[in-house]
Amino acid sequence: YYLYGLERTCELAGVARIQGRDWYYEGALQLLAQQGRSGAFRTEHERGLLLDATCFAVLFLKRASLGVTTGG
C-alpha cells in the first residue's frame, strides 16, 4: 500500500525523482523481488492478504494514477 500511495502522490505532483533517486524504478525492483512463481506478490505482514498485496503491486506497476488536467 505504501508504494501505491507513493505512486499516486508522485504521479499527481509530477515528481520523477526523490532526493535524486528514481522512485518508480526502485519501487518496481522491490516489488518484483517479492513476486512469486504464481505471479502473486507476497505481503510483508503475516496477517496481510495475498490478493491485497497483488492488487496494490499491479496498481503501482501499471502507474494507475492519471495526471491532473485543469482548465477548459
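Structural data are supplied above this passage.
Residues numbered from 1 in each chain as written. Predicted model: local features only at pLDDT ≥ 70, side-chain atom pairs only at ≥ 80, totals over all residues. Heavy atoms only, no water.

The next thing to look at is helix α3 (residues 50-62). Residues separated by three or four positions in an α-helix point in the same direction, a consequence of the helix having 3.6 residues per turn. With 13 residues, α3 extends 18 Å from end C-alpha to end C-alpha; this agrees with the ideal 18 Å at 1.5 Å per step. Considering only its buried residues, α3 is in contact with α1 (2-13) and α2 (23-33). Positive backbone phi, at 55°, marks R63, one or two positions downstream of α3. (Helix = DSSP H or I, 4+ residues; strand = E, 2+ residues; numbered from the N terminus. Expected span 1.5 Å × (residues − 1). Contact = heavy atoms within 4.5 Å.)

In this structure the tally under the stated criterion is five aromatic pairs. When the centroid spacing of 6.1 Å and the interplanar angle of 75° are considered together, the rings of W23 and F60 count as edge-to-face. Of this pair, W23 sits in helix α2 while F60 is found in helix α3, placing the two residues 37 residues apart along the sequence. Both residues of the pair, W23 and F60, belong to the buried class. With a centroid separation of 5.2 Å and 15° between ring planes, the pair formed by Y24 and F60 is classed as stacked. Of this pair, Y24 sits in helix α2 while F60 sits in helix α3; the two residues are 36 residues apart in sequence, bridging distant segments of the chain. Residues Y24 and F60 agree in their burial class; the two are buried. Members of the aromatic cluster, connected to one another through ring pairs, are Y1, Y4 and F56. Over the ring of Y24 we find R63; its NZ or CZ atom is 4.0 Å from the centre of that ring. (Phe/Tyr/Trp six-rings, centres within 6.5 Å; stacked < 30°, edge-to-face > 60°. Buried < 20%, exposed > 50% of the residue type's maximum accessible area, 1.4 Å probe, protein only. Lys NZ or Arg CZ within 6 Å of the ring centre and 35° of its normal.)

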